[in-house]
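So you can see what is in the structure, the chains are spelled out below.
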Amino acid sequence: MSERERDEHSGVETTGHEWDGIKELDNPLPRWWLWVFYGSIVVAVIYWILMPAWPGLKGYTPGLMKQSDRVDVVEQLNALQAQRSQGEALLMSASLDQIEANPDLQAHALAVGQSVFGDNCATCHGVGGGGAKGYPNLRDDVWLWGGSLAEIEQTIRIGVRSAHPETRISMMPAFGRDGMLTNAQIADLAEYVVALSGRQADAASVGRARQLYADNCVACHMPNGQGDRAQGAPNLTDREWLYGSDRESIRGQIHNGRNGVMPSWEGRFSPAVIKALAVYVHVNAGGGEAPATPAPAASEAATP
């Protein structure tokens with residue numbers, strides 16, 4: 001075996017590796033690094049003995065300490081469920097009004113409701129409940145099906161146009177898509193709705209649409225346009241529009257008859273959780289039953 005070259009400056013042998021004239025010295029590893037390395041081996045051996053580590057054909061070595069993260073997780077989940085069961089029992093023993101009147105119960109319901117809302121409702125209604133186009137704003141006092149505690153709870157429980165046998169149902173016909181009205185009639189009717197909301201509208205269109213509204217819309221939206229909560233029919237005289245308030249959006253709604261779906265949560269949430277969610281929505285929205293603000297009659301709002 002030939003003797004390796006020794007660096008003339010440091011006196012250390014080289015490894016024989018060279019890059020672009022630079023030769024690698026065969027320096028020994030630092031003593032502290034070696035001790036850390038050997039210590040890591042010792043710790044690993046101790047861990048293999050004490051903790052579950054070695055896989056087998058039908059399982060793994062349990063270790064002398066019999067540690068199991070799976071068992072720990074199950075115990076923690078059982079403890080959490082027991083804690084939640086106590087809270088649910090308190091919620092179930094009280095009425096919705098009693099929950100809101102009791103600061104401790106309300107605080108518990110709000111905590112549960114906030115968690116459930118964030119995981120299940122915020123996707124459509126927004127993190128703060130402000131809604132978006134096609135998804136109702138839960139922060140105001142405008143409610144298609146009523147904003148009392150009981151009405152909110154019922155809507156959460158059975159949904160709107162959902163698969164629940166008792167679901168709330170309202171259906172806006174697709175007057176254009178299904179050929180019930182012509183495009184010209186829809187344009188006139190949109191102007192009539194604009195006038196109902198107190199905005200300036202074309203007088204000729206409003207005049208032509210008066211009978212169209214009476215024949216096709218009065219049954220749900222009422223003669224004054226203020227809607228009917230019993231049917232989930234929107235108030236057309238306010239400034240709250242689920243699908244937009246501009247003329248194009250109104251024409252699109254009349255033409256296509258959009259009908260969104262609110263899922264029923266009865267099969268997923270316990271009655272106590274639904275109560276908590278109803279309280280959360282009600283408290284954050286004020287739960288108001290704001291009266292409709294009368295708008296000028298369609299004939300008064302139309303421009304001459």
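These numbers were taken from a predicted model, which means no experiment stands behind them.

Engineer: Which residues make up the packing of helix α4 (residues 103-120) against helix α11 (residues 271-285), and what values do they have?
Structural biologist: The contact between α4 and α11 brings their axes to 7 Å, and the two run at 95 degrees. Comparing their axes, α11 and α4 come out roughly perpendicular. Along its contact with α4, which presents Gln106, Ala109, Leu110, Val112, Gly113, Gln114, Val116 and Phe117, the element α11 presents Val273, Ala276, Leu277, Val279, Tyr280, Val281 and Val283. Residue composition of the contact of α4 with α11, by class: 12 nonpolar, 3 polar and no charged.

Engineer: Now, about the packing of helix α6 (residues 149-158) against α11: what can you tell me, with residues and values included?
Structural biologist: Closest axis-to-axis distance for the α6/α11 pair is 9 Å, and the angle between their directions is 125 degrees. As the angle between them shows, α6 and α11 are arranged oblique. For the pair α6 and α11, the crossing hand works out as right-handed. Residues Leu149, Ile152, Glu153, Ile156 and Arg157 of α6 form the contact with α11, whose participating residues are Ile274, Lys275, Leu277, Ala278, Val279, Val281 and His282. Looking at the contact of α6 with α11, its residues break down into 8 nonpolar, 1 polar and 3 charged.

Engineer: Any details on the confidence of the model for the protein? Residues and values, ideally.
Structural biologist: The predicted model of the protein averages 88 in pLDDT, with 93% of residues at 70 or higher. Low pLDDT, under 50, characterises residues 290-304; the stretch is placed with 34 contacts to residues that sit more than four places away or in other chains.

Engineer: So, the packing of aromatic side chains: which residues are in play, and what are the values?
Structural biologist: This structure, assessed with the given rule, holds 7 aromatic pairs. Members of the aromatic cluster, each reached through a chain of ring pairs, are Trp33, Trp35, Phe37 and Tyr38.

Engineer: With reference to specific residues and values, describe the pairing of strand β1 (residues 14-19).
Structural biologist: Strand direction decides the pairing type here: β1 and strand β2 (residues 22-25), joined by 3 bridges, are antiparallel. Paired with Trp19 across the strands is Ile22, a residue of β2. As consecutive antiparallel partners, β1 and β2 are separated by 2 residues, and within that stretch Asp20 has a phi angle of approximately 50 degrees, a positive value.

Engineer: Which residues make up unusual backbone geometry, and what values go with them?
Structural biologist: Located in the positive-phi region is Asp20, a residue other than glycine, with phi close to 50 degrees. Tracing the backbone through its elements, the reader meets Asp20 in the loop between β1 and β2. Exposure remark for Asp20: the relative accessible area of 81% places this residue in the exposed category. The phi dihedral of Arg161 is positive, around 55 degrees, even though this residue is not glycine. Tracing the chain through its elements places Arg161 in the loop between α6 and α7 (183-196).

Engineer: Now, about the state of the cysteines: what can you tell me, with residues and values included?
Structural biologist: Counted by the stated rule, this structure contains 0 disulfides. Free cysteine Cys121: the closest other cysteine sulfur is in Cys124, separated by 8.6 Å. Here Cys220 stays unpaired: no disulfide links it, and the sulfur of Cys217, its closest cysteine neighbor, is 8.6 Å away.

Engineer: Provide a residue-level description of the environment of Asn256, including the pertinent values.
Structural biologist: Residue position: Asn256 is located in helix α10 (residues 247-256). Apart from residues lying up to four places away in sequence, Asn256 is in contact with Ala174 and Arg177. In this structure the side chain of Asn256 is engaged in a polar contact, spanning 3.2 Å, whose partner is the side chain of His255.

Engineer: A description of α10 should follow, citing residues and the corresponding values.
Structural biologist: Along α10, the residues classified as buried are Ser249, Ile250, Gly252, Gln253 and Ile254. Here the buried face of α10 lies against α7. The backbone nitrogen of Glu248 lies 3.3 Å from a side-chain oxygen of the residue at the head of α10, namely Asp246. Once α10 finishes, Gly257 follows within two positions and takes phi at roughly 60 degrees, a positive value.

Thresholds, definitions, all that
Residues numbered from 1 in each chain as written. Predicted model: local features only at pLDDT ≥ 70, side-chain atom pairs only at ≥ 80, totals over all residues. Heavy atoms only, no water. Axes fitted to C-alpha atoms, helices over the stretch in contact; angles between N-to-C directions. Helix = DSSP H or I, 4+ residues; strand = E, 2+ residues; numbered from the N terminus. Parallel < 35°, antiparallel > 145°, perpendicular 65-115°, else oblique. Contact = heavy atoms within 4.5 Å. Nonpolar A, V, L, I, M, F, W, Y, C, P; charged D, E, K, R; others polar. Left-handed = near helix turned anticlockwise from the far one by under 90°. pLDDT = per-residue confidence, 0-100. Phe/Tyr/Trp six-rings, centres within 6.5 Å; stacked < 30°, edge-to-face > 60°. Pairing = 2+ DSSP bridges. Buried < 20%, exposed > 50% of the residue type's maximum accessible area, 1.4 Å probe, protein only. Disulfide = S-S within 2.5 Å. Polar contact = N/O pair within 3.5 Å; in protein donor to acceptor, adjacent residues only side chain to side chain.

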